[in-house]
Amino acid sequence: MDVISIIKLVHILSFFFMSAPFYSLIVVNERAKVPGKDFKVDRYLENIVKGQAMRCYVFQLTALITGVLLVHFEGMGLSSILTNYVLLLKTVLLLALMGLLSFVHLGIQPKIESLLSQVKEGTISDEIFNELRPWRLKRKKLAAFCLFVVLVVIILGMQVFVPYNAVANGILLILAAFFSWHVYKHSSAFGWI
């Protein structure tokens, strides 16, 4: 196995491991099935969700670095990141994912943590629970959008050297949007379904 093959593998794996939005949506949807406002359940959920951010940053940076290395080692020249529309779009979308993750991690999550810090144990009051709801809903919507963007980047990644036609891209984008919406709305108990 040569160096380029190893870099490709790490690049692909980093996008694979960026599936945090998918699993976060599953966790959030499963939480909705648990009746009541038990603090331990909510604290457990938030620990899982907030723990994803650092992992995701590492995978995003790995994807960016290995992507640049692949462009270099494939002899495309770093300028191709700006001249090859697929590489440019992948790069812009990856940077957008980093920005969205930062918005959630630095903007939304601290507000949720602040509200939960007011509860020590037992049941979350209706007042705090109602204040949590819009922040969680915003985070859930952003997770669904991030899942869609990750899927688009993967679809584009398959087209760096041989682009798909417009019809195939359209179908794949519709399927990616539908899947992201489906996971947003449902627990996705059977994978794709």
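None of the values given here were measured: they were computed from a predicted structure.

**Some thoughts on the confidence of the model for the protein**
Okay, step 1: Summary statistics for the protein give a mean pLDDT of 89 and a share of 98% for residues scoring 70 or more.
Okay, step 2: Averaged pLDDT values for the elements of the protein fall to 82 in helix H1 (residues 3-16) and rise to 95 in helix H5 (residues 85-116).

**Considerations on the environment of Glu 46**
Okay, step 1: Topologically, Glu 46 is positioned in helix H3 (residues 39-73).
Okay, step 2: With a relative accessible area of 0%, Glu 46 lands in the buried category.
Okay, step 3: Along the primary structure Glu 46 and Arg 136 are separated by 90 residues, whereas in three dimensions their C-alpha atoms are 10.0 Å apart.
Okay, step 4: Ignoring anything within four residues of it in the chain, the contact list for Glu 46 reads Gln 109, Ile 112, Glu 113, Leu 116, Arg 136 and Arg 139.
Okay, step 5: A polar contact is formed between the side chain of Glu 46 and the side chain of Gln 109, at a distance of 2.8 Å.

**Digging into the packing of aromatic side chains**
Aromatic rings in a pair are described by how distant their centres are and how their planes are angled relative to each other.
Okay, step 1: Following the criterion strictly, the structure yields three aromatic pairs and no others.
Okay, step 2: Seen from their ring centres, Phe 22 and Tyr 23 are 4.8 Å apart, and the 75 degrees between their planes marks the pair as edge-to-face.
Okay, step 3: Where Phe 178 meets Trp 181, the ring centres are 5.9 Å apart and the plane angle is 35 degrees; that geometry is what we call tilted. Taken together, the residues span about one helical turn, with Phe 178 and Trp 181 both in helix H7 (residues 166-185) at a distance of three residues.
Okay, step 4: Over the ring of Tyr 184 we find Lys 140; its NZ or CZ atom is 4.8 Å from the centre of that ring.

Parameters at a glance
- Residues numbered from 1 in each chain as written.
- Predicted model: local features only at pLDDT ≥ 70, side-chain atom pairs only at ≥ 80, totals over all residues.
- Heavy atoms only, no water.
- pLDDT = per-residue confidence, 0-100.
- Helix = DSSP H or I, 4+ residues; strand = E, 2+ residues; numbered from the N terminus.
- Buried < 20%, exposed > 50% of the residue type's maximum accessible area, 1.4 Å probe, protein only.
- Contact = heavy atoms within 4.5 Å.
- Polar contact = N/O pair within 3.5 Å; in protein donor to acceptor, adjacent residues only side chain to side chain.
- Phe/Tyr/Trp six-rings, centres within 6.5 Å; stacked < 30°, edge-to-face > 60°.
- Lys NZ or Arg CZ within 6 Å of the ring centre and 35° of its normal.

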